[in-house]
Amino acid sequence: MSKEYRFKTPIRKDEIVQLRAGDIIYISGEVFTSRDRTQKLILENRSKLPFSLQGLVEFHAGPIVRRRNSGWEVVSIGPTTSFRMENNEYDFIKDTGIIGVVGKGGMGSKTREACKEFKAFYGVLPGGIAALLAKRVTRVIGAYWLEELGIPEAMWRLEVQDLGPITVVIDAYGNDLYEDLEKRVSRNLSKLLGDLED
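The sections below set out a description of the structure shown in this document. Quantities reported herein were computed from a predicted structural model and do not represent experimental measurements. (Residues numbered from 1 in each chain as written. Predicted model: local features only at pLDDT ≥ 70, side-chain atom pairs only at ≥ 80, totals over all residues. Heavy atoms only, no water.)

1. Here's the deal with the overall build of the chain
Scanning the chain from N- to C-terminus turns up seven helices and nine strands. Taken against the 2.2 N^0.38 rule, which gives 16 Å for 198 residues, the C-alpha radius of gyration of the chain at 18 Å falls within 12% of a compact globule. When the backbone C-alpha atoms are referred to their principal axes, the chain occupies close to 70 × 30 × 30 Å. Within the chain, buried positions represent 47% of all 198 residues. Long-range pairs, those at least 24 residues apart, make up 65% of the contacts in the chain with a sequence separation of at least 6. Just so you have it, the chain exposes about 10000 Å², and 50% of that area is on carbon and sulfur atoms. The averaged location of the 28 negative side-chain charges in the chain is 5 Å from the averaged location of its 29 positive side-chain charges. (Helix = DSSP H or I, 4+ residues; strand = E, 2+ residues; numbered from the N terminus. Rg over C-alpha atoms; globule rule 2.2 N^0.38 Å. Buried < 20%, exposed > 50% of the residue type's maximum accessible area, 1.4 Å probe, protein only. Contact = heavy atoms within 4.5 Å. Areas by Shrake-Rupley, 256 points an atom, 1.4 Å probe, with all protein chains shown as cover. Lys, Arg positive; Asp, Glu negative; His and termini not counted. Charge placed at Lys NZ, Arg CZ, Asp CG, Glu CD.)

2. So, the pairing of strand E5 (residues 71-76)
Pairing of strand E4 (residues 64-68) with E5, which is carried by five bridges, proceeds in the antiparallel orientation. Note that in E5 the partner of Arg-67 across the bridge is Trp-72. (Pairing = 2+ DSSP bridges.)

3. With respect to the pattern of salt bridges
If you walk through the whole model with that rule in mind, you get 14 salt bridges. The salt bridge involving Asp-14 is made with Arg-12; its shortest N-O contact spans 2.9 Å. A residue is classified by how much of its surface remains accessible, and Arg-12, at 48% relative accessible area, is partly exposed. Between Glu-44 and Lys-40 there is a salt bridge whose closest N-O contact spans 3.0 Å. Taken together, the residues span about one helical turn, with Glu-44 and Lys-40 both in helix H2 (residues 36-45) at a distance of four residues. The structure contains a network of salt bridges with shared partners spanning Glu-4, Arg-6 and Asp-162. (Salt bridge = Lys/Arg side-chain N within 4 Å of Asp/Glu carboxyl O.)

Here you go:
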């Protein structure tokens, strides 16, 4: 039976180890957006960032934003396909000290290993709710590499309230909800096909 949790960043490892694949979480506090090109720049420049990524959550997203007075307003923000970041995610989790990754779709063995080794999680948000998720963003704190990367690829530092529902797909023990489901379906299919042959 899955459980529901609410966390405020920075999140501690002793909080994350409570989670199990299949649990639902809501996040408040600071998160930041990142995609493949952004990850590379963050890793190359993390010592120059004006804030620590330790205990924060990386959100695989490319928001739609607009200028509002002297700042920015998020109009729409939905998860982007996370598997594109699979090749770098192990190093990203290890080198930045982030506690979690939120996106869309599954991740692979490198991310599973990083979550297990560094006590982090990977979670997914439902698709089709980008406008609703924008309402969970209470403030845009900053934007980084905006000129170089453009709005969708830039790193956006956001303050959020109850970002979710996020389904934990990979927990801090390396359990993978999607992998387990695939194995179960495969076993059931084999059984079904075997029954048909009898």
